[in-house]
Amino acid sequence: MDKNEMILVSVDDHVIEPPDMFERHLPKRWAEAAPHVVTQGTANQWMYRGRPAGLVGLNAVVGWPPLEWNSEPSGFAEMRPGAYDIHSRVRDMDRNGVLSSMCFPTFAGFSGGHLIQFRDETTTAVIQAYNDWHIDEWCATYPGRFIPLAIAPIYDPQAAAAEIRRVAAKGARGIAMPEMPHIDNLPSYHDEDYWKPIWTAMSECNVAMTLHIGMGLRSLTMAPGAPRDHTMILACQISALAAQDLLWGPAYRNYPDLTFSYAEGGIGWVPFYLDRCDRHYTNQKWLRRDFGGRLPSQVFLEQSLACFVTDPHAVAARHEVGMDIIAWECDYPHSDSIWPDAPEWLEQEFTKAGCTDAEINKMTWENACRFYHWDPFAELPRERATVGALRALAADVDTTIRPRAEWAELYRQKHATV
């Protein structure tokens, strides 16, 4: 398939929330406790109750020279505007040929991780305000271009279940959840009594449990003196750890309508992991595990979505991974993103692997849209949704790589004239 004929739906991108987000969506009675952005030098930092609530470092490096990337906080002025501005984001999506995008939050971590420590009514109101901003403003400004993803107050299962039902009615297709909740002093996914209200609400509302690498990083104990490379390379292994708790715990087996997406973990781990699961299940019969007469791999493949940015060896082994569970992700504006050349990357990988047009469609949009119950052509007809058609709308988008200081100067000039 020629790259211009592809349909691209990304199941993992990110948004750097604008600093006035809560002013428009958090009720006035909570205003004094509202999260806010503070400025420290050239950096901006979300704060909640005196504590950091989401760092912007490697989260927004698209458009920078790679040698300037780092994990230190950065400022809105230094970022490519598509990181935080919805209109610029859609233009950048067009330039990359991406039709629809699911955006994970930066504020509070991917699933409210920085908020879990507070566990009170105020924090629940903050979570609801974030969801209202994300669904009613970020996603609704350009209908059909964003797949709504919400967070929930998982420190209170009943409140979380109510919020899941509320946001599902507003159009949410997934709930961002932690990979390893027990490292944040919540019950593990083996505690069905605790998680049952949340899993039941997700199942009934057809919203997926979406797990993004990151919140589980502290489950990895690194060697003393290990470089930062270790954390970034091994982060994808946490997807397998999360899958183990969910598949061999009660979640998969007792909630057949519950679905699970593993974001940014790659897909190469899946066949090895499932081979190991099946071998263990058939060999270690003395443990008396019960998957309802099926193999663990069958249960996993029926309820999962595995996602990749670029994974050439796994794409070559796509049938071993499972053709119906593979979905693509762009990861804009993170350091793993392949913006603005995603179609070129994918065309190269798919050609080398000998993928058919039908297989490419499954991986680039069909599997994701089926999994998230998303009609990609509800707002834009298919002939206008291809890479070629979208790029034709954005031929003037500047993709120049600029130092942070140059981005900051452009920002200053723009806002000086406003």
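Before any of the text, the structure's been laid out above.
This structure is a prediction, so every number in the text was calculated from the model and none was measured.

Undergrad: So what exactly am I meant to see when it comes to the overall build of the chain here?
TA: Within the chain one finds 16 helices and 11 strands. Structurally, the chain occupies a C-alpha span of about 70 × 55 × 50 Å along its principal axes. Classification of the 418 residues of the chain by burial places 57% in the buried group. Of the contacts formed within the chain by residues at least 6 apart in sequence, a portion of 76% connects residues at least 24 apart. As presented, the chain carries roughly 17,600 Å² of accessible surface, and 52% of it is formed by carbon and sulfur atoms. Looking at charge distribution, the chain has the averaged site of its 37 positive side-chain charges lying 3 Å from that of its 55 negative ones.

Undergrad: Help me out: how do you make sense of the packing of aromatic side chains in this one?
TA: Taken as a whole and judged by the stated rule, the model has 26 aromatic pairs. Between the aromatic rings of Trp138 and Phe146, the centroid separation amounts to 5.6 Å while the plane-to-plane angle is 55°, which identifies the pairing as tilted. The exposure class assigned to Phe146 is buried, which follows from its relative accessible area of 2%. Taking 5.4 Å as the distance between ring centres and 65° as the angle between the ring planes, the aromatic pair formed by Trp199 and Tyr255 counts as edge-to-face. With Trp199 in helix α5 (residues 192–205) and Tyr255 in the loop between α8 (250–254) and β9 (260–263), this pair connects stretches of sequence that are 56 residues apart. In this pair, the class of Trp199 matches that of Tyr255, namely buried. The structure contains a cluster of three or more aromatic residues connected by ring pairs, namely Tyr252, Phe260, Tyr262, Trp269, Tyr273 and Phe300. For Arg253, the ring lying beneath its charged end belongs to Phe291, and the centroid distance is 5.2 Å. Its end group placed over the ring of Trp407, Arg402 keeps NZ or CZ at 5.2 Å from the ring centre.

Undergrad: Even after reading the chapter, I still don't get helix α3 (residues 121–139), so can you show me in this structure?
TA: Turn by turn, an α-helix covers 3.6 residues, leaving residues three or four places apart pointing in a common direction. End to end, α3 covers 26 Å across 19 residues, agreeing with the expected 27 Å (1.5 Å per residue, within 8%). For α3, the buried fraction is high: 15 of the 19 residues fall into the buried class.

Undergrad: Help me out: how do you make sense of unusual backbone geometry in this one?
TA: Working note: non-glycine residues mostly have negative phi, and peptide bonds are mostly trans. Residue Pro333 is bonded to the preceding Tyr332 through a cis peptide linkage, with omega at 0°. Relative to the assigned elements, Pro333 resides in the loop between β11 (326–328) and α13 (342–353). Look at the link from Trp339 to Pro340: it is a cis peptide, with omega at 0°. Within the element layout of this structure, Pro340 appears in the loop between β11 and α13. Its identity is not glycine, yet Arg119 carries a phi of approximately 55°, on the positive side. Among the secondary structure elements, Arg119 is positioned in the loop between β5 (98–105) and α3. Phi is positive for Asn206, which is not a glycine, with a value near 60°. Within the fold, Asn206 resides in the loop between α5 and β8 (208–212).

Undergrad: Hey, could you run me through the sheet that holds β8 in this one?
TA: Either a parallel or an antiparallel arrangement is found when strands of a sheet pair, and the pairing is made through backbone hydrogen bonds. Overall, parallel pairing links the 6 strands, which are arranged β6-β7-β8-β9-β10-β11 in an open sheet. Single-partner strands in this sheet number two, and they are β6 (149–150) and β11. Sheet analysis places strand β10 (residues 304–308) next to β11, joined by 3 bridges and oriented parallel. When the bridges of β11 are listed, Ala306 appears paired with Ile326. Lying over the sheet, helix α10 (residues 296–303) contacts β9 and β10, oriented at roughly 75° with respect to β10.

Undergrad: Where do I start with the pairing of strand β2 (residues 36–40) in this structure?
TA: Where a strand is regular, its side chains alternate between the two sheet faces. Sheet analysis places β2 next to strand β3 (residues 43–48), joined by 5 bridges and oriented antiparallel. By the bridge assignment for β3, Val37 is matched with Trp46.

Undergrad: I tried to follow the environment of Ala159 on my own but got confused; where do I start?
TA: Within the element layout of this structure, Ala159 appears in helix α4 (residues 157–169). Separated by 48 residues in the primary sequence, Ala159 and Val207 have C-alpha atoms spaced 16 Å apart.

Undergrad: Explain the packing of helix α7 (residues 237–247) against helix α9 (residues 269–283) to me, please; I cannot follow it from the model alone.
TA: Geometrically, a packed helix pair is captured by the angle between its two axes and the distance between the axes. At their nearest, the axes of α7 and α9 sit 11 Å apart, and the two run at 35° to each other. Judged by the twist between their axes, the crossing of α7 over α9 is right-handed. Contacts between α7 and α9 pair Ser239, Ala240, Ala243, Gln244 and Leu247 from the former with Trp269, Tyr273 and Cys277 from the latter. Considered class by class, the residues forming the contact of α7 with α9 number 6 nonpolar, 2 polar and no charged.

Undergrad: Help me understand the sheet that holds β2 in this model?
TA: In spatial order, the strands read β2-β3-β4; together these 3 strands make up an open sheet with antiparallel pairing. Every interior strand has two partners, whereas the edge strands, β2 and β4 (51–52), have only one. Where β3 lies against β4, 2 bridges are found, and the strand directions are antiparallel. Bridge pairing links Tyr48 to Arg51 in β4.

Undergrad: Help me understand the side chain of Arg318 in this model?
TA: Here Arg318 shows up in helix α12 (residues 318–321). For Arg318, the side chain forms a polar contact with the side chain of Glu359, separated by 3.0 Å. Those residues in contact with Arg318 that sit more than four places away from it in its chain are Met323, Ile326, Ala353, Gly354, Cys355, Glu359 and Met363.

Cut-offs applied
- Numbering of residues starts from 1 in each chain and follows the order in which that chain's sequence is written.
- Residue-level local features of this predicted model are given only where pLDDT is at least 70; pairs of side-chain atoms are given and counted only at 80 or more, and the full residue set underlies all totals for whole chains, interfaces and linings.
- Water and hydrogen atoms play no part in the side-chain values, which are based on all heavy atoms of the structure.
- Put simply, DSSP marks the helices as runs of H or I at least four residues long and the strands as runs of E at least two long, and each gets a number from the N terminus on.
- Remark: exposure states derive from per-residue accessible area (1.4 Å probe, protein chains only) relative to the maximum for the residue type, with buried under 20%, exposed over 50%, and partly exposed in between.
- Any two residues whose heavy atoms approach within 4.5 Å are treated as being in contact.
- Residue burial considers only the protein chains on display, and all accessible areas are found by Shrake-Rupley using a 1.4 Å probe.
- A positive count includes Lys and Arg, and a negative count includes Asp and Glu. His and the chain ends are not counted in either.
- The atom standing in for a charge is NZ when the residue is Lys, CZ when it is Arg, CG when it is Asp and CD when it is Glu.
- Here a pair means two rings of Phe, Tyr or Trp (six-membered ring of Trp) with centres within 6.5 Å. Their orientation is stacked below 30 degrees between planes, edge-to-face above 60, and tilted elsewhere.
- Only Lys NZ and Arg CZ are tested; either one counts as a charge over a ring when it is within 6 Å of the ring centre and within 35 degrees of the ring normal.
- For a helix, the expected span equals 1.5 Å multiplied by the number of residues minus one.
- The rule for pairing is simple: two strands pair if DSSP sees at least two bridges between them.
- All axes are obtained by fitting lines to C-alpha atoms, using only the stretch in contact for helices, and the reported angles, taken between N-to-C directions, cover 0 to 180 degrees.
- Should the near helix be turned counterclockwise from the far one by less than a right angle, the crossing is left-handed, whereas a clockwise turn marks it as right-handed.
- Classification convention: Asp, Glu, Lys, Arg as charged; Ala, Val, Leu, Ile, Met, Phe, Trp, Tyr, Cys, Pro as nonpolar; all other residues, Gly among them, as polar.
- Throughout this description, a polar contact denotes any pair of N or O atoms lying within 3.5 Å of each other; where both atoms belong to protein, one of them has to be capable of donating a hydrogen while the other can accept it, and for residues adjacent in sequence the pair is counted only when both atoms sit in side chains.

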